[in-house]
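# Summary of the model geometry
The chain contents come next:
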Amino acid sequence: MPSSSLSTQLRAKPPGDSEKITINLGYIDLGQVDLLVAEGFYSNRSDFIRTAIRNQLTTHGDAVKQVVARKTLVLGLQNFGVAELEAARAAGQKLDIRVLGLASIAPDVSVELALATIQSITVLGALQASPAVKAALASRIH
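Presented here is a report on the structure given in the accompanying data block. A quick note: this is a predicted structure, and the numbers were derived from the prediction, not measured.

A separate point is the sheet that holds strand β5 (residues 118–128). The sheet built from 3 strands is open, its strands ordered β3-β4-β5 with parallel pairing. The strands lining the two open edges of the sheet, one partner per strand, are β3 (74–80) and β5. In this sheet, adjacent strand axes meet at a mean angle of 45 degrees when their direction is disregarded. Across 10 bridges, strand β4 (residues 95–105) lies against β5 in parallel orientation. Following the sheet pairing, Ile 97 is matched in β5 by Ile 121.

Turning our eyes to something else, we now look at the side chain of Ser 120. You can see Ser 120 is positioned in strand β5. Its relative accessible area of 14% is what places Ser 120 among the buried residues. Among all residues touching Ser 120, those that are not within four sequence positions of it are Leu 95, Asp 96, Ile 97, Arg 140 and His 142.

Definitions and limits used
- Residues numbered from 1 in each chain as written.
- Predicted model: local features only at pLDDT ≥ 70, side-chain atom pairs only at ≥ 80, totals over all residues.
- Heavy atoms only, no water.
- Pairing = 2+ DSSP bridges.
- Helix = DSSP H or I, 4+ residues; strand = E, 2+ residues; numbered from the N terminus.
- Axes fitted to C-alpha atoms, helices over the stretch in contact; angles between N-to-C directions.
- Buried < 20%, exposed > 50% of the residue type's maximum accessible area, 1.4 Å probe, protein only.
- Contact = heavy atoms within 4.5 Å.

Note that every value here comes from positions in space, so none of it alone points to a role or purpose.
Structure follows, in structure tokens:
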């Protein structure tokens, strides 16, 4: 059966801390979502989708916690700035970044500093970094 593409902005608070995703829904599913919106159950399609996702994450919350602990992931937001990376370099450390959420490498981090201090990156969620740093670390991103 054909499907319709539905693009939505998943918003956590504050609004700037989100990632846009695109999903495909069958016409019948999309029609049912639109019906619930029209009847006032949800303010719009995005509201319905965010609520459905949150409900599923709540349902599977224990499983997520177990996997986070087993894979030693940082849950939430992890920032890496010049100071943190310079400290790692001074200590002779290479970082294995493992994040469920958002990993952010500051815009002023140079390619040279990133390559010298970041051994690997595993992000379940989103990685924010300058295009140059992302390109330089591409082979280290899993």
